[in-house]
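Structural features, examined
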Amino acid sequence: MGTIYIDGKASEADPKQNLLHACLSLGLNLPYFCWHPAMGSVGACRQCAVKQFKDAQDTRGRLVMACMTPAAPDTRISLQDPEAVAFRAGIIEGMMLNHPHDCPVCDEGGECHLQDMTVMTGHDYRRSRFPKRTFHDQYLGPFVYHQMNRCIQCYRCVRFYRNYAGEDDLNAFGISNEVFFGREQDGVLKSEFAGNLVEVCPTGVFTDRTLRRHYTRKWDLRMAPSICGHCSLGCNTTMGERYGLLRRVVNRFNSEVNGYFLCDRGRYGYEFVNSEQRIRAAQINGAPTSVTEAKRRLSSLVAGGQQLIGIGSPRASIESNYALRRLVGKDRFFCGVSDGEWERTRAMVEILQAGPARSASLRDVELSDAVLILGEDVTNSAPRMALSVRQSLRQQSFETTQKLRVPLWMDDAVREIAQAKRSPLFIAAAGATRLDDVATATYKAAPEDIARLGFAVAHEIDAKAPEVPDLSGEMRELAATIATALTGAKHPLVIAGPSCRSISVIESAANVARALCDNGHSAALSLIAPACNSFGLALLGARPMSEALAAVQDHGDATLIVLENDLYRQLPAKLVDGYLAKAAHLIVLDQLGNGTTAKAELLLPAGTFAESDGTLVSNEGRAQRFFQVFVPEDGIKESWRWLGDQSWSSLDDVLSEIGTEIPRLASVIGAAPLSSFRIAGAKIPREPHRYSGRTSITANISVVEPKPPDDPDSSLSYSMEGASIQPPAALQPFFWAPGWNSIQAVNKFQSEIGEALRGGVPGVRLFETSTGGGYFDGIPNPFTRRTQEWLLLPIEHIFGSEELSAHASSIAELVTEPYLALNPADAAGFLAEGKPTVVEVAFGGLKQRVPLKVLAELPSGLAGIPAGLTALCGEELPAWCRIERAS
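Residues numbered from 1 in each chain as written. Predicted model: local features only at pLDDT ≥ 70, side-chain atom pairs only at ≥ 80, totals over all residues. Heavy atoms only, no water.

**Looking at the domain arrangement of the chain**
For the chain, the assigned domains read domain 1 (2–96), domain 2 (283–337 + 536–715 + 725–748), domain 3 (342–529) and domain 4 (790–885). Computed from C-alpha atoms alone, the centre-to-centre distance between domain 1 and domain 2 is 49 Å. Across the contact, five residues belong to domain 1 and four residues belong to domain 2. For the domain 1 and domain 2 pair, buried surface summed over both sides reaches about 450 Å², with 39% attributable to carbon and sulfur atoms. Of all residues in domain 1, Leu24, Asn29 and Tyr32 give up the largest surface area on contact with domain 2, accounting jointly for 69% of the area buried on that side. (Domains from an automatic or database assignment. Contact = heavy atoms within 4.5 Å. Buried area = accessible area lost by both parts, 1.4 Å probe.)

See the structure below:
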């Protein structure tokens, strides 16, 4: 750290950063637009001007842009110098010449960075009376609303979209003295991260189209910290609610996980909470009933003398799964997924617990300088990770930049120096992936051959790793190339997961990571879990579903309790039909209607993430707490409350018992402060201090403001009253500071700009490295295709493959239609010239007709079907199938 002088006051600053970064880290107010902490500086807006002096005797100084000037030791600047103040005010006035006078009706009003900066500079009067420049607005899809007249040409949008997210259909189009930011023509934005434009844009050019359907100002939203449940990464979010309706989800900064950005599934999947398919009242044999009667029936069935069998869920919280485990007994608590998925999930947990490689956070992914991905299309299976992988590609070019003494925050210069130089990225997958365009090399093959490549790479790194027999010359050469790149990196990373439905692929990734670590490399391993709490369910010790089926066979009078799980998505439909038919009673808890809930004798409405408190364990092994943002309707309760012991008065009681009964989960209670936590005797308010309408919201009930609901499960209050200082990070419901109403207010809560919140990093890590274990040696035989048969594999889709988000109306617009994919050579025999081709897929006694889709990158002998989008979604894949043209 060095010493700089700001308006005569000495302060410490990082000399590797710029003056804007230093000023904001020190808590000072300096306006800016084009700069973004995740994207660096380009000096486009000129808004952050300050006066710089050569030394203590210099009284004249010169204007410099703080974002483009290093915070070198002994730098002397003034923020309050009259010339700098006047310059900044002039910049704002110039921007406002063409900006519309529509703040009261702008969706961004009240959380607009432009508003904040205008007030900060003191500009409060428009002198221009000339016509304003206007533009045509575009349709950009179901997520982002476009109003170009509000643009101030900061270039943030295209810098994020093209440079950071790596997509090319949004651009800056210039003619004469006008610049237009949009697409070449109307159409859906291609990027899976387009929704971040809503937060990146400092004005109202890009706003949340889903929020427009039920618009509420930010200050009228009740907000709470939450965890995204639409994949296993555990991204931190903030939910906003009004009148019992979940209005939106925005990013909640976590330096180790999602940073400043979310994927579009995580941002817009929330709408399922408001779905018409929600189960909002208990039902007995399909007829609505009261909570009292539902509890009575539940008690009667549980105490009825039948064998109790509990089916857990990888999308339910640790607390809910534990409540079911406690109710039925740990020996009768089952995982609720296929045996194949459970074997892979347990293997991943054991690898991360017993292996020498660190379980990678998303920040670790971003800082990696060589990456090997085995068997995953990361953009579709764990989307936010793909954004981090794209940033990792810059790491090796940073070394060149630093040798030239160009600071990393000077974004345009860094990119100009790097040109096309990228860190190594190798992708072995069963088909095309969304990261192929930036990969050093790709390898398209069946799961067996992907695993063999992984095992071969491990052997190239460490001769003690098992050797792969019958290795082709091409694969041996590729394995050597990958091994050289990984061993030449400072922070190599291996990524794998369950998409190929192959435990061999996962074990081969573990071997590569172990080989690197055993040879002195600081390697990390990231294993993507199937669902948001798959690892939590595994740590609870659930048993395989095959044992549950056997238990039902042995006890024909069994009472089944299914927790937040549609078994028809997990297991073959015929198997589930027989399983449910043999049970004497079926109790189901869930949020949305599905095939399993339709057969329930007793159906209990379970709270969603917006109506519940609980804990999820991410693929990193990070246990994180989510909190309800509103009290659910009378009939809806958290699953752990439906099933829990009467002695549990709060979530703390559940967590305390979990820690006692399951020692490996003892630290989960520390994922967030207990409900007894207070700041100066006060709870943390869920509502901003400008929250309005507290009386009118309930005016249909009483004109007297009611007492806020009590929350026994957290230290958050349903009120605007409460502690006014920064709480621990896990309890941060929203970001706001005086003069900072936009999402940029997060600056005021960070220990340093871009670094951890002053309240710490939310959650606790459950996985740490170990020196135990050894190499896996289950090397599969090479893939051999069969005559007139294809190996059928699932293809993950960011929109549609995940169960709950598919019910969000905006996401539903982008869900692909079911199809069967073949490569061009294999498809040639089925194509009908000039007509759409429908084929019939047959395997395991099942048949389904689907349109044929040609995918050039799919290897010969493989067939693909979208995961979760057909009637075959519960079937165990891969499986050999026959394909015929439908008559």
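Alright, that's what it looks like, and here's the rest.
**Regarding the sheet that holds strand β3 (residues 49–53)**
With mixed pairing, five strands are arranged side by side in an open sheet as β2-β1-β5-β3-β4. On the outer flanks of this sheet lie β2 (9–13) and β4 (62–65), each paired with one strand and no other. Sheet twist, expressed as the mean angle between neighbouring strand axes with direction ignored, is 40°. Here five bridges tie strand β1 (residues 2–6) to β2, and the two strands are oriented antiparallel to one another. Counted as the bridge partner of Tyr5 is Ala10 from β2. Together, β3, β4 and β5 (76–78) form the strand contacts of helix α2 (residues 82–96), whose direction differs from that of β3 by roughly 155°. (Pairing = 2+ DSSP bridges. Helix = DSSP H or I, 4+ residues; strand = E, 2+ residues; numbered from the N terminus. Axes fitted to C-alpha atoms, helices over the stretch in contact; angles between N-to-C directions.)

**Regarding unusual backbone geometry**
Cis geometry is found at the peptide bond from Leu877 to Pro878, where omega equals 5°. The phi dihedral of Arg46 is positive, around 65°, even though this residue is not glycine. Examined against the element boundaries, Arg46 turns out to sit in the loop between α1 (19–25) and β3. With relative accessibility at 37%, the residue Arg46 sits in the partly exposed group. (Buried < 20%, exposed > 50% of the residue type's maximum accessible area, 1.4 Å probe, protein only.)

**Some points on the nonpolar core**
By size, the foremost hydrophobic cluster in this structure holds 123 residues, and its most contacted members are Leu20, Phe33, Phe160, Phe206, Met385, Leu425 and Ile495. Excluding residues that lie within four positions of it along the chain, Met385 makes contacts with Leu233, Leu362, Val365, Val378, Ile495, Ser526, Ile528 and Asn619. Val512, Leu589, Val617 and Leu651 belong to the second-largest nonpolar core, a separate cluster that totals 117 residues. (Core = buried A, V, L, I, M, F, W, Y, C linked by side-chain atoms within 4.5 Å.)

**Some remarks on the pattern of salt bridges**
Enumeration according to the criterion identifies 48 salt bridges in this entry. A salt bridge links Asp437 to Arg390, with the nearest nitrogen and oxygen atoms 3.4 Å apart. Taken together, the residues span a long stretch of sequence, with Asp437 in the loop between β19 (425–429) and β20 (441–444) and Arg390 in helix α13 (residues 383–392) at a distance of 47 residues. For Arg390, a relative accessible area of 14% translates into the label buried. For Arg849, the salt bridge is made with Glu840, and the minimal N-O distance between the two is 3.8 Å. Exposure remark for Arg849: the relative accessible area of 47% places this residue in the partly exposed category. Here the salt bridges share partners, and the residues they tie into one network are Glu167, Asp168, Lys190, Glu192 and Arg434. (Salt bridge = Lys/Arg side-chain N within 4 Å of Asp/Glu carboxyl O.)

**A word on the pairing of strand β27 (residues 622–626)**
Within β27, five of the five residues are buried, which leaves the element mostly enclosed by the surrounding structure. Taken together, the four bridges between strand β26 (residues 614–617) and β27 define a ladder with antiparallel strand orientation. Pairing of Gly614 across the sheet is with Phe626, part of β27. As consecutive antiparallel partners, β26 and β27 are separated by four residues, and within that stretch Gly621 has a phi angle of approximately 90°, a positive value. In this sheet, strand β30 (residues 764–765) lies alongside β27 in antiparallel orientation, the contact comprising two bridges. Paired with Arg622 across the bridge in β30 is Arg765.

**Some words on the packing of helix α16 (residues 447–461) against helix α18 (residues 503–518)**
It is the contact of α16 with α18, at a shortest axis distance of 8 Å, that shows an interaxial angle of 15°. Judged by the angle between their axes, α16 and α18 are roughly parallel. The way α16 lies across α18 gives a crossing that is left-handed. On α18, the residues touching Pro447, Ile450, Ala451, Gly454, Phe455, Val457, Ala458 and Ile461 of α16 are Ser504, Val505, Glu507, Ser508, Asn511, Val512, Ala515 and Leu516. For the contact of α16 with α18, a count of residues per class yields eleven nonpolar, four polar and one charged. (Parallel < 35°, antiparallel > 145°, perpendicular 65-115°, else oblique. Left-handed = near helix turned anticlockwise from the far one by under 90°. Nonpolar A, V, L, I, M, F, W, Y, C, P; charged D, E, K, R; others polar.)

**Brief notes about the packing of α16 against helix α17 (residues 473–487)**
Where α16 meets α17, the axes come as close as 8 Å, and the angle between the chain directions of the two elements is 55°. On the basis of their axis angle, the class for α16 and α17 is oblique. Read as a crossing pair, α16 and α17 show a hand that is right-handed. Packed against α16, whose contacting residues are Asp449, Arg452, Leu453, Ala456, Val457, Glu460 and Ile461, the element α17 presents Met475, Arg476, Leu478, Ala479, Ala480, Ile482, Ala483, Leu486 and Thr487 at the interface.

**A few points about the sheet that holds β27**
Taking strand neighbours across the sheet as the criterion, the three strands line up as β26-β27-β30 in an open arrangement whose pairing is antiparallel. Two strands close off the open sheet at either side, each with one partner strand: β26 and β30.

**Some points on the pairing of strand β8 (residues 178–182)**
With four of its five residues buried, β8 lies for the most part within the structure. As paired elements, strand β7 (residues 171–175) and β8 share five bridges and run antiparallel to each other. Within β8, the residue paired with Ile175 across the bridge is Glu178. Where β7 hands over to β8, the hairpin turn is made up of two residues, of which Ser176 adopts a positive phi near 55°.

**Some thoughts on the side chain of His146**
Mapped onto the fold, His146 is located in strand β6 (residues 144–146). From its side chain, His146 meets the backbone nitrogen of Gln138 in a polar contact 3.0 Å long. Within polar-contact distance, the side chain of His146 engages the backbone oxygen of Phe181 at 3.0 Å. Apart from residues lying up to four places away in sequence, His146 is in contact with His136, Asp137, Gln138, Leu140, Phe180, Phe181, Val205 and Phe206. (Polar contact = N/O pair within 3.5 Å; in protein donor to acceptor, adjacent residues only side chain to side chain.)

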